[in-house]
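Summary of the model geometry
What follows is each chain in one-letter form.
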2 protein chains.
Amino acid sequence: MVRKPTKSNVKAVSTRKPNMREAILAAAEELFSTYGFNAVSVRDIAQAAGANPGSVTYHFKTKDGLLLEIYRRHCGPMNRRRSELLAAARRVRDLQDRLEAIVRAYVLPAFTSGSDLAGGGTRFTRLRAIMSAEGNEVVRKIIAQTFDDTSHAFIDAIHESLPHIPRTDLVWRGHFLLGALYYTLVTPERVSRLSRGSADGTDAGHAIEELVRATVAALQAAPLDPPISAPRKVPGAAPGRALT
Amino acid sequence: MVRKPTKSNVKAVSTRKPNMREAILAAAEELFSTYGFNAVSVRDIAQAAGANPGSVTYHFKTKDGLLLEIYRRHCGPMNRRRSELLAAARRVRDLQDRLEAIVRAYVLPAFTSGSDLAGGGTRFTRLRAIMSAEGNEVVRKIIAQTFDDTSHAFIDAIHESLPHIPRTDLVWRGHFLLGALYYTLVTPERVSRLSRGSADGTDAGHAIEELVRATVAALQAAPLDPPISAPRKVPGAAPGRALT
DNA sequence: ACCATATTTGTACTATCGTCCAAATAATCA
DNA sequence: TGATTATTTGGACGATAGTACAAATATGGT
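Residues numbered from 1 in each chain as written. Chains lettered and ligands numbered in written order. Predicted model: local features only at pLDDT ≥ 70, side-chain atom pairs only at ≥ 80, totals over all residues. Heavy atoms only, no water.

**With respect to the overall build of chain A**
For the record, the criterion: Per the convention used, a helix needs a DSSP run of H or I reaching at least four residues, while a strand needs a run of E reaching at least two, with both numbered from the N terminus. Type-normalised accessible area, obtained with a 1.4 Å probe on protein chains alone, sets the label of each residue: buried when under 20%, exposed when over 50%, and partly exposed for intermediate values. Pairs of residues are marked as contacts when any of their non-hydrogen atoms sit within 4.5 Å. Note on areas: Shrake-Rupley with a 1.4 Å probe; residue coverage comes only from the protein chains shown.
Secondary structure assignment for chain A yields 10 helices and 0 strands. Secondary structure elements of chain A occur, N-terminal to C-terminal, as α-α-α-α-α-α-α-α-α-α. For chain A, buried positions account for 50% of its 244 residues. The contacts of chain A with a sequence gap of at least 6 include a subset with a gap of at least 24, amounting to 71%. Surface exposure of chain A reaches about 11500 Å², of which carbon and sulfur atoms provide 55%.

**Concerning the protein's contact with DNA strand C**
Note the following rule: Nearness is judged by heavy atoms alone; a residue qualifies as near a molecule or strand once a single heavy atom is within 4 Å of it. Polar contact is defined as a pair of N or O atoms within 3.5 Å, subject to the rule that within protein one atom must be able to donate a hydrogen and the other to accept it, and that residues adjacent in sequence are counted only when both atoms are side-chain atoms. Gly falls in the polar group here, along with every residue not listed as nonpolar (Ala, Val, Leu, Ile, Met, Phe, Trp, Tyr, Cys, Pro) or charged (Asp, Glu, Lys, Arg).
Taken together, 17 residues surround DNA strand C, and among them M20 and H59 of chain A together with V42, R43 and K63 of chain B come closest. Restricting attention to atoms of DNA strand C within 4 Å of the protein, one finds that 60% of them are sugar or phosphate atoms. One of the side-chain nitrogen or oxygen atoms of H59 of chain A is found 2.6 Å away from a phosphate oxygen of DNA strand C. Where the surface near DNA strand C is concerned, the elements lending two or more residues are α3 (53-60) of chain A together with α2 (42-49) and α3 (53-60) of chain B. A per-element tally of the surface near DNA strand C places α3 of chain A first, with 4 residues. For the surface near DNA strand C, a count of residues per class yields 4 nonpolar, 8 polar and 5 charged.

**A look at the interface of chain B and chain A**
Selection rule: A quick way to say it: buried area is the sum, across both parts, of accessible area lost when two parts are put together, with a 1.4 Å probe. A pairing counts as a salt bridge when a side-chain nitrogen of Lys or Arg comes within 4 Å of a carboxyl oxygen of Asp or Glu.
Each partner contributes residues to the interface: chain B has 62 residues there, and chain A has 61 residues. Of the roughly 6000 Å² buried where chain B meets chain A, counting both sides, 61% is carbon and sulfur surface. Counting the surface chain B buries against chain A, the share from its top three residues, W172, H175 and R213 of chain B, is 13%. The interface formed by chain B and chain A includes 0 salt bridges.

**Thoughts on the relation of the copies chain B and chain A**
Where we set the bar: Copies overlap after least-squares fitting; the atoms used are the C-alpha atoms of residues with pLDDT of at least 70 in both.
Aligned on chain A, chain B shows an RMSD of 0.1 Å; the corresponding rotation is 180° and the shift along the axis is 0.0 Å. In short, the pair behaves as if placed about a two-fold rotation axis.

**Description of unusual backbone geometry**
Residues and elements named next belong to chain A. Unlike most non-glycine residues, K61 shows phi in positive territory, near 65°. Looking at the secondary structure, you find K61 in the loop between α3 and α4 (63-90). According to the relative accessible area criterion, K61 is exposed, its value standing at 68%.

**Side note on the protein's contact with DNA strand D**
Around DNA strand D there are 17 residues in total, and R43 and K63 of chain A together with M20, Y58 and H59 of chain B lie nearest to it. A share of 64% is what sugar and phosphate atoms reach among the atoms of DNA strand D within 4 Å of the protein. N52 of chain B places a polar side-chain atom, nitrogen or oxygen, 3.1 Å from a base nitrogen of DNA strand D. For the surface near DNA strand D, the secondary structure elements donating two or more residues are α2 (42-49) of chain A together with α3 of chain B. A per-element tally of the surface near DNA strand D places α3 of chain B first, with 4 residues.

**Thoughts on α2 of chain B**
All names here are of chain B. Put simply, the rule is: To obtain the arc, one takes the directions from the helix axis to the C-beta atoms.
The set of residues buried in α2 consists of I45, A46 and A49. The buried side chains of α2 occupy one side of the element, clustering within an arc of 100° when seen end-on. In α2, the exposed positions angled more than 90 degrees off the buried face are occupied by R43, Q47 and A48. For α2, the elements touching its buried residues are α1 (20-35), α3 and α4 (63-90). Downstream of α2 by a residue or two, G50 has a phi angle that is positive, lying close to 70°.

**So, the packing of aromatic side chains**
For clarity, the threshold we go by: Only centres within 6.5 Å qualify two rings of Phe, Tyr or Trp (six-membered ring in Trp) as a pair; their planes then separate them into stacked at under 30 degrees, edge-to-face at over 60, and tilted for everything else. Throughout this description, the term charge over a ring refers to an Arg CZ or Lys NZ atom that lies within 6 Å of the ring centre and within 35 degrees of the ring normal.
One pass over the structure, following the stated rule, counts 10 aromatic pairs over all chains. Here Y106 of chain A and F154 of chain A contribute two aromatic rings whose centre-to-centre distance is 5.0 Å and whose plane-to-plane angle is 75°, an arrangement assigned as edge-to-face. With Y106 of chain A in helix α5 (residues 95-111) and F154 of chain A in helix α7 (residues 137-161), this residue pair connects regions lying 48 residues apart in the sequence. The two residues Y106 of chain A and F154 of chain A agree in class, both being buried. Taken together, a centroid distance of 5.3 Å and an interplanar angle of 75° make the contact between Y71 of chain B and F124 of chain B edge-to-face. Here F124 of chain B lies in helix α6 (residues 120-134) and Y71 of chain B lies in helix α4, a separation of 53 residues in the sequence. The ring of F37 of chain A has K63 of chain A sitting right over it, with the charged end atom 4.4 Å from the ring centre.

Structural data, given as structure tokens:
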């Protein structure tokens, strides 16, 4: 469990749990992001936090309320950080570099959250991944409300860097990016296994670079032409050149 | 094991299920792939199949056994189809076309299964996506056993088409492809929403084309250079040219 | 030290879970 | 047909789920 390192500076605040509410939140976040929402019981969370099951009900009313509070905790900082990085990325002069910066601004906050720097970002992103897979109804709304705006902002920024590619295609590719990001965080061991040990799937930095590189290339690909009929090589007749 | 109807007339056969075992399997597949494994109870499945909860135990012993049987049902046909398409793709002369054919050979069977053509492929793939997110232990083994071989075969084929790109990078990009594929099937409505209605997320054909196009471009991207330090534009000095 | 409040504890309630089992029913074949 | 097997049924079991609530305890202001 996520135990805070002994802080020797702030007086002797007694050895008791300084804030049980936070401990419960941390335990729930860890367990939910690992086993999913349905597989974890309130009692599991309480035990992991060293608390009584009744305390969970006291602080968060219901299990759904606990999940909701986790989202409230992270969505704000994460989207704020994304907006900052996106604004900075927009100021990059070189078009190719700008596009890469935009993608990085989208990906980076998913790995390093604002509130909890030590893996907190990946935990929350892993949680979102699992929740989207489980189709949790409580979460679907907050996801749509909180993230669609940010997603639109990113799509718009990308569209500015790649004006010759229809928005629809960019939406698809952004969608793929999110799926790849989620899957990478959900199955961190798979890459190591398939690479025969030559790559370390737990190295977040390397994963980010691979993801950014692949995504930038995908975004720059020539758009699909109106008819789906002919999956042939795309000549230079496209609305804009495919790659810069 | 497969029973056949000796009676060709209708008579007063009542409204009984001709093959309850199959009905249970179909219901379980549908429910699991929609709500996840943990959220669906044996009683839910029985009711959806018009069966008695005891029948589920009779045919599949346990809930895990039921899940396992679903996998046994699909893995064979799907991987066989993948191998066929991969073999055909390998024979394509043009390098660019061959790469695209390989990717298509990987993606297509995920949408159209061999046993159940009417959406059966997407259902099973959605199921795998949810299971990978939930981290189901019963499934992790069969996934590793059944799919890693196929994945290796595809990585090898891709590596033949792009020999200048290190295997590790191709593994990452194949990983991203799978994540994008999973996410697309798990949240079929998201693309429509973000596209402001201009794209239909339920159009499997279009989704495949978008996914193939994006993936081919991602695979062709210049590989990451040894040091992660400089995320700069990649000049022609790379082991091979980035795009053809 | 006192009181008011905030939190924790222990327990209990109902609902539902996966699984089991004996009896009832349908299907198969000598 | 009757005998035998295969399948379905309805009910039951113990375990565990989420939640509620009163008593016990800790906390903080005065």
